[in-house]
Amino acid sequence: MYMNTVCGVKVKKSTQYRCKLNGKTFYFHGAACRQTFKDDPPKFMGRQKKKGLIAQLAEASDGQPKTCH
Ligand SMILES: [Zn+2]
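Residues numbered from 1 in each chain as written. Predicted model: local features only at pLDDT ≥ 70, side-chain atom pairs only at ≥ 80, totals over all residues.

The next thing to look at is the overall build of the protein. For the protein, the count of helices and strands is 2 helices and 4 strands. Across the 69 residues in the protein, those meeting the buried criterion constitute 20%. Restricting to contacts in the protein with at least 6 residues of sequence separation, those with at least 24 account for 39%. (Helix = DSSP H or I, 4+ residues; strand = E, 2+ residues; numbered from the N terminus. Buried ≥ 20, exposed ≤ 12 C-beta atoms within 10 Å, placed from the backbone. Contact = placed C-beta atoms within 7 Å.)

Attention now moves to the nonpolar core. By size, the foremost hydrophobic cluster in this structure holds 8 residues: V6, C7, F26, Y27, F28, C33, F37 and F44. Listed by contribution, the elements that provide at least two residues to this core are β4 (24–28) and α1 (31–39). With 3 residues, β4 is the largest single contributor of residues to this core. (Core = buried A, V, L, I, M, F, W, Y, C linked by C-beta atoms within 7 Å.)

The next point concerns unusual backbone geometry. Phi is positive for N22, which is not a glycine, with a value near 50°. Locating N22 in the fold gives a position in the loop between β3 (17–21) and β4. Take N22: there are 7 C-beta atoms within 10 Å of it, and that puts it in the exposed class.

Moving on to the pairing of β3. Pairing of β3 with β4, which is carried by 5 bridges, proceeds in the antiparallel orientation. The partner of L21 across the bridge, within β4, is K24. Between β3 and β4, which pair antiparallel and follow one another directly, the connecting turn spans 2 residues, one of which, N22, has a positive phi of 50°. (Pairing = 2+ DSSP bridges.)

When pLDDT is averaged along the protein, the result is 75; 65% of the residues meet or exceed 70. Averaged pLDDT values for the elements of the protein fall to 55 in helix α2 (residues 53–60) and rise to 91 in β3. (pLDDT = per-residue confidence, 0-100.)

And the structure:
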């Protein structure tokens, strides 16, 4: 299992939703979640162990929470 960096959901590495960046492959559980990552990759990189990403997402998007599920 792999921890989705956008919302903390665990995803299988066999998922079809992936994004390769800087030689690293990121896995997502859905297209919307992957798109959220692609919109601003630096915001999510290196934060795998942090909690509360959804709240940060909501704050960073002008009060418009980005839903991905
Ligand atoms: Zn998600």
